[in-house]
Amino acid sequence: MGADELIRMFGGRVHDRLVLDAIRSVPRQRFVPASLAQQAWENHPLPIGQGQTISQPLIVALMTEALQVGPGDRVLEIGTGSGYQAAVLAQCGVEVFTIEVRPELADGARRVLEELGYAGIHYRVGNGRAGWPEQAPFDGIIATAAGDDVPSAWLAQLRPAADQQAGGRLVLPVESDGGQELQLIRNTPEGLHRSSLGGVRFVPLVD
Ligand code: SAH
């Protein structure tokens, strides 16, 4: 798929070259069940087993762009799932720390990511609400399951803003008014800055 085709597919909503190139390079069909490989690029979530889903390409692209990452950044991901989002981040040159609560999904994702040769991905099985304190601070934290609140551990593990360096970014879906909202929270010298990236539909964050 060419870059222009991808930009069209995303309705002009994603422009970051690093993100677009990463999405072009990662073989998405490897992260969905073989029976759904033909549908891998369609604009809707697909089941990945255990009642969980892989987000559609546009949502992965929007969330990755919102993280504002560059090569060498350290990113915590909550909800490894199929491993696709982790692959896109790794392809951006990011060091990824990914946590998955369901062991079967964690095992499957790790197998595919290792087969494809992605280095710089660290895996943990468990509840991601506590984050990964031993590896903090993070330049970015991305959650791919929606909770009712923003876990305080994630805010605490965002890199503080320093003189010449931007603070950490947190991208996550949050339950609100019976729907879900994708939020971007940035750590700035003036404190946390929160903005909305629109309505989304994610599986629930396990407590
Ligand atoms: N990023 C994934 C999306 C997977 S769906 C991908 O690219 O495929 C969200 C995942 O979050 C599911 O696999 C679910 O098991 C996991 N999850 C839900 N609550 C969690 C929690 N508290 N800690 C870690 N993982 C969790």
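Everything below is about the structure shown above.
An account of the accompanying structure is given in this report.

### Quick look at the site of the ligand
Link 1 in the chain: Lining the immediate environment of the ligand, one finds 25 residues, of which Ser82, Glu100, Arg102, Asn127 and Gly128 sit closest.
Link 2 in the chain: Arg102 is positioned with one of its side-chain polar atoms (N or O) 2.6 Å from an oxygen atom of the ligand.
Link 3 in the chain: Considering the ligand on its own, with 580 Å² of exposed area, one finds that the protein chains cover 99% of that surface.
Link 4 in the chain: Judged by its atoms lying within 2 Å of the grid points, the ligand is housed in the largest cavity.
Link 5 in the chain: If you list the elements that add at least two residues to the shell around the ligand, you get β2 (52-54), β3 (74-78), α4 (84-91) and β4 (95-100).
Link 6 in the chain: With three residues, β2 is the largest single contributor of residues to the shell around the ligand.

### A word on the side chain of Ser82
Link 1 in the chain: Mapping Ser82 onto the fold places it in the loop between β3 and α4.
Link 2 in the chain: By relative accessible area, which is 12% here, Ser82 ends up buried.
Link 3 in the chain: Separated by 3.1 Å, the side chain of Ser82 and the backbone nitrogen of Tyr84 make a polar contact.
Link 4 in the chain: With residues near it in sequence (within four places) discarded, Ser82 still touches Phe31, Ile48, Ile54 and Ala109.

### Some points on the pairing of strand β7 (residues 169-176)
Link 1 in the chain: For β7, the tally of buried residues reaches six of eight residues, placing the bulk of the element in the interior.
Link 2 in the chain: Two strands pair when backbone bridges link them, and strand β6 (residues 140-143) and β7 are joined in this way by three bridges, in the parallel orientation. Across the sheet, the residue bridging to Ile142 is Val171, located in β7.
Link 3 in the chain: Note: β7 against strand β8 (residues 179-188), eight bridges, orientation antiparallel. Bridge pairing in β8 places Pro173 opposite Leu182.

### Regarding helix α5 (residues 103-115)
Link 1 in the chain: If you check α5, its first and last C-alpha atoms are 18 Å apart, about what 13 residues at 1.5 Å a residue would give, namely 18 Å.
Link 2 in the chain: Those residues of α5 that fall on the buried side of the exposure criterion are Leu105, Ala106, Ala109, Val112 and Leu113. On an axial view of α5, the arc spanned by its buried residues comes to 135°, and they lie on one face. Exposed residues on α5 whose side chains face more than 90 degrees from its buried face are Arg111 and Glu115.

### Remarks on the environment of Gly83
Link 1 in the chain: By the element assignment, Gly83 lies in the loop between β3 and α4.
Link 2 in the chain: Distance in space between the C-alpha atoms of Gly83 and Leu67 is 17 Å, their sequence separation being 16 residues.
Link 3 in the chain: Residue contacts for Gly83: discarding those within four places in its chain leaves Phe31, Ala109 and Leu113.

### Notes on the packing of helix α2 (residues 17-25) against α4
Link 1 in the chain: Two elements in contact, α2 and α4, have axes separated by 8 Å at closest approach and are oriented at 125°. With respect to α4, the axis of α2 lies oblique. The crossing of α2 and α4 is right-handed. Counted together, Ala22, Ile23 and Ser25 of α2 and Tyr84, Val88 and Gln91 of α4 form the full contact between these two elements.

### As for the pattern of salt bridges
Link 1 in the chain: Taken as a whole, this structure holds nine salt bridges when the rule is applied.
Link 2 in the chain: In this structure, Glu95 and Arg74 form a salt bridge, with 4.0 Å as the shortest nitrogen-oxygen distance. Taken together, the positions of Glu95 in strand β4 and Arg74 in strand β3 put the pair 21 residues apart, joining distant regions of the chain.
Link 3 in the chain: Given a relative accessible area of 29%, Glu95 falls into the partly exposed group.
Link 4 in the chain: Where salt bridges share partners, they join Arg129, Asp149 and Asp207 into one cluster.

### Here we look at empty space enclosed by the protein
Link 1 in the chain: Enumeration according to the criterion identifies two cavities of 30 Å³ or more in this entry.
Link 2 in the chain: Looking at the largest cavity, its volume works out to about 360 Å³.
Link 3 in the chain: Along its surface, the largest cavity is lined by 30 residues, and Gly79, Thr80, Gly81, Glu100 and Thr144 are the ones closest to its centre.
Link 4 in the chain: Looking at the lining of the largest cavity, the element that brings in the most residues is β2, giving three residues.
Link 5 in the chain: Partitioned by chemical class, the residues of the lining of the largest cavity number 15 nonpolar, 12 polar and three charged.
Link 6 in the chain: Of the volumes computed, that of the second largest cavity is approximately 50 Å³.
Link 7 in the chain: The wall of the second largest cavity is formed by Pro45, Thr53, Ile54, Ser55, Thr144, Arg201, Phe202 and Val203.
Link 8 in the chain: Per-class residue counts for the lining of the second largest cavity are four nonpolar, three polar and one charged.

Conventions used here
Residues numbered from 1 in each chain as written. Predicted model: local features only at pLDDT ≥ 70, side-chain atom pairs only at ≥ 80, totals over all residues. Heavy atoms only, no water. Near = heavy atom within 4 Å. Polar contact = N/O pair within 3.5 Å; in protein donor to acceptor, adjacent residues only side chain to side chain. Areas by Shrake-Rupley, 256 points an atom, 1.4 Å probe, with all protein chains shown as cover. 1 Å grid on protein atoms, 1.4 Å probe; cavity = no way out; pocket = protein on both sides within 12 Å on 5 of 7 lines; lining within 4 Å. Sits in = over half its atoms within 2 Å of the grid points. Helix = DSSP H or I, 4+ residues; strand = E, 2+ residues; numbered from the N terminus. Buried < 20%, exposed > 50% of the residue type's maximum accessible area, 1.4 Å probe, protein only. Contact = heavy atoms within 4.5 Å. Pairing = 2+ DSSP bridges. Expected span 1.5 Å × (residues − 1). Arc of directions from axis to C-beta. Axes fitted to C-alpha atoms, helices over the stretch in contact; angles between N-to-C directions. Parallel < 35°, antiparallel > 145°, perpendicular 65-115°, else oblique. Left-handed = near helix turned anticlockwise from the far one by under 90°. Salt bridge = Lys/Arg side-chain N within 4 Å of Asp/Glu carboxyl O. Points joined across faces, edges and corners; volume = space filled by probe spheres on them. Nonpolar A, V, L, I, M, F, W, Y, C, P; charged D, E, K, R; others polar.

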